[in-house]
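The chain contents come next:
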Amino acid sequence: MADTKKSRDKQADDAERRQREREMQEARDRADETEPVPDEPEEGLGELDDALETHEYPATTDELIEAFGDREVETQGGWKPVDEVLAPADDRTYTSADDVRSQIQGQIRR
């Protein structure tokens, strides 16, 4: 194509169209991504975090489910009750609130 004003305008228009298409594709790709779960164990547990701090330890999974099972935590798949989150841990014994937080965070990242 000869280097004319018309050809330069067409090249510029094509470049702008490709850029808009890339931006739209990136936006569609981002829409499919899940929301990140906080990296820090104490983040994302809200009021449950305070309740875990005041609970007596050692405590078993069953005891924690009885005490907090109806509370919900945010997971990558949405909100889930604590009893669903802790159920895979069978009847483990936790020595501290940090121990429970680590277990919950490990389960909700799956």
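Let us look at the structure shown here.

Conventions used here
- Residues numbered from 1 in each chain as written.
- Predicted model: local features only at pLDDT ≥ 70, side-chain atom pairs only at ≥ 80, totals over all residues.
- Heavy atoms only, no water.
- Helix = DSSP H or I, 4+ residues; strand = E, 2+ residues; numbered from the N terminus.
- Buried < 20%, exposed > 50% of the residue type's maximum accessible area, 1.4 Å probe, protein only.
- Contact = heavy atoms within 4.5 Å.
- Salt bridge = Lys/Arg side-chain N within 4 Å of Asp/Glu carboxyl O.
- Core = buried A, V, L, I, M, F, W, Y, C linked by side-chain atoms within 4.5 Å.

## Points about the side chain of Q107
Move 1: Take Q107: it is sitting in helix 5 (residues 97-108).
Move 2: For Q107, a relative accessible area of 16% corresponds to the buried category.

## What about the side chain of D99?
Move 1: Note that D99 resides in helix 5.
Move 2: The class for D99 is buried, based on a relative accessible area of 18%.
Move 3: Apart from residues lying up to four places away in sequence, D99 is in contact with R92, T93 and Y94.

## Let's talk about the pattern of salt bridges
Pairs may arise between side chains of opposite charge once their charged atoms sit close together.
Move 1: Tallying each qualifying case throughout the model produces eight salt bridges.
Move 2: Here K5 makes a salt bridge to D9, at a shortest N to O gap of 3.2 Å. Of this pair, K5 and D9 both sit in helix 1 (residues 5-31), four residues apart, which is roughly one turn of the helix.
Move 3: D9 sits in the partly exposed class, given a relative accessible area of 35%.
Move 4: Connected via shared salt-bridge partners are K10, D14, R17 and E21.

## Details of the nonpolar core
Move 1: Grouped together as the largest cluster of nonpolar side chains are 17 residues, with contacts concentrated most on L48, L52, L64, F68, V73 and I104.
Move 2: Contributing elements (two or more residues each) for this core: helix 2 (47-54), helix 3 (61-68), helix 4 (82-86) and helix 5.
Move 3: Here this core gets four residues from one element, more than from any other, and that element is helix 5.
Move 4: If near-sequence neighbours (up to four positions away) are discounted, I104 is found in contact with L45, L48, L52, V73, V85 and L86.

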